[in-house]
Amino acid sequence: MPIIMLLLAALLPACATQQNHYDPIESTNRVTDQINDGIDRITLKPAAQGYTAVVPKPMRTAVSNFFDNATYLNTVLNDFLQGKGGQGFSDFGRFLINSTLGIGGLVDVATQMGLERHDEDFGQTLAVWGVGKSAYIIYPLLGPNSLRKTPDFVTATATDPLFWAAFVLAPYVTIPITVVKYVDKRARLLEASDMRDDLALDPYVFTREAWRQHREYLIYDGHPPAKPANKDDGWDDVDFDSEAKPEPTPAKPATRISAAAPAEKQAGNVPAETQPPQEAQAKLAATDVSNSPAYIINLSSHHSEVEAAAEQGRLSRLGINTEVYTASVRDNTWYRLRSAKKFSSLADARQELQHLKDASGLQDAWLEERK
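Rules used throughout
- Residues numbered from 1 in each chain as written.
- Predicted model: local features only at pLDDT ≥ 70, side-chain atom pairs only at ≥ 80, totals over all residues.
- Heavy atoms only, no water.
- Buried < 20%, exposed > 50% of the residue type's maximum accessible area, 1.4 Å probe, protein only.
- Helix = DSSP H or I, 4+ residues; strand = E, 2+ residues; numbered from the N terminus.
- Pairing = 2+ DSSP bridges.
- Phe/Tyr/Trp six-rings, centres within 6.5 Å; stacked < 30°, edge-to-face > 60°.
- Lys NZ or Arg CZ within 6 Å of the ring centre and 35° of its normal.
- Patch = residues over 30% accessible without salt bridge, like charges linked within 9 Å, V, L, I, M, F, W, Y side chains within 5 Å.
- Areas by Shrake-Rupley, 256 points an atom, 1.4 Å probe, with all protein chains shown as cover.
- Salt bridge = Lys/Arg side-chain N within 4 Å of Asp/Glu carboxyl O.
- Core = buried A, V, L, I, M, F, W, Y, C linked by side-chain atoms within 4.5 Å.
- Contact = heavy atoms within 4.5 Å.

## Section: the pairing of strand 8 (residues 366-370)
Burial analysis of strand 8 places four of its five residues in the buried class, the great majority of the element. Sheet topology note: the strand 5 (residues 294-302)/strand 8 ladder contains five bridges and is antiparallel. Bridge assignment links Ile 297 to a residue of strand 8, and that residue is Leu 367.

Dropping the structure here:
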């Protein structure tokens, strides 16, 4: 505990300014994250993989229910601290029902009786009390956290019956229970960590942003404030089907192409970016095949890699293969999703663009020419 307090004291000045995504000690966090990841790969992850391979799903569910119930009094406490009296009594009733009728929490009887499960902690309570966002921290072995959520270590421990049981039960009972607790917790995260490893351009940033978004979701009880639409990441606010637009980036700007742009007469040798819109489209439609331009289909643009990965997963379930890449526009980094297919024919690209719009519902998808 003294080490944690010293770390928090060192972070307080850094949290005075909101910069670097609330990650003022990113370099230190990255080192800690690499160490944690290395330990995880040789200990918890293999154990979790073996656990899921050997233990049947119903039994794993029962184990998860047991540990969820054992730690549920922390939710009850923070219900009342946040002024949610009705939810607090409901959650306390849920705990009692699952602890008795549910055989110590192995069976989630309360949900079947209509008592909804909630997730509250002291970090959320501090947010409700008006404490603002704070520094993102990677703790050794414990993983992602923040300055605001750190005091939850105290309330979560104080309300955990298994912690107090360790004082009266023999170590040969409490140690195996603790090991199973963390293996079960890691097993629940296998799918998410595998997705991060497979899709993330920067696993550290991916984890940080996913953690941030999840915390915001919890703080606002599943209804976080709506963010500005991110369909436009730097293009002029015009109808994408009206005229070609050059991408506002330095060398060799790409061209956003209309799905319905007419193929008219051959334009002159003036670059498309400097021609009137109609002439630029006409030249693009009649470009000589020998130039072999490649057309890609951009489907969406996102503020964070987490959002892009989530959308990529949705499209994958629709049978649409995509790639994530970064684009720098006006000093902002965007994560774009594009179709894995590339086209040398503008007509084929437009046809596929319309097909993807219909299949995905992403009506703001656009074409881009890559020389």
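Back to the text.
## Examining the packing of aromatic side chains
Taken as a whole, this structure holds nine aromatic pairs when the rule is applied. Three or more aromatic residues link up through ring pairs in this structure, and these residues are Tyr 136, Tyr 204 and Trp 211. The ring of Tyr 72 has Arg 94 lying over it, and the distance from NZ or CZ to the ring centre is 5.6 Å. For the cation-ring pair, Arg 338 lies above Tyr 325, with the distance from its terminal atom to the ring centre recorded as 4.3 Å.

## Some details on unusual backbone geometry
Positive phi values are uncommon outside glycine, yet Ile 103 reaches one of about 55°. The residue Ile 103 is located in the loop between helix 6 (85-100) and helix 7 (109-112) in this model. Look at Asp 221: it is not a glycine, yet its phi comes out positive at around 50°. With respect to the secondary-structure elements, Asp 221 resides in the loop between helix 13 (203-219) and strand 3 (245-246). Accessibility expressed as a relative area gives 41% for Asp 221, which makes it partly exposed.

## With respect to a nonpolar patch on the surface
Taken together, the side chains of Phe 163, Trp 164, Phe 167, Val 168, Leu 169, Tyr 172 and Val 173 make up a nonpolar region of the molecular surface, amounting to roughly 790 Å² of accessible area. For the nonpolar patch, the elements supplying multiple residues, two or more each, are helix 10 (161-165) and helix 11 (171-188). Looking at the element boundaries, Phe 167 is found in the loop between helix 10 and helix 11.

## Looking at the nonpolar core
Membership of the largest hydrophobic core comes to 22 residues, with the highest contact counts inside it found for Ile 297, Leu 299, Leu 315 and Leu 367. When contributions to this core are tallied by element, the ones reaching two or more residues are strand 1 (136-139), helix 13, strand 5, helix 15 (305-317), strand 7 (332-343) and helix 16 (346-360). For this core, the element with the most residues is helix 16, which contributes four residues. When residues no more than four places from it in sequence are discounted, the contact partners of Leu 315 are Leu 299, Ile 320, Thr 322, Leu 337, Ser 360 and Leu 362. In this structure, Phe 67, Val 183, Ala 187 and Leu 190 belong to the second largest nonpolar core, which totals eight residues.

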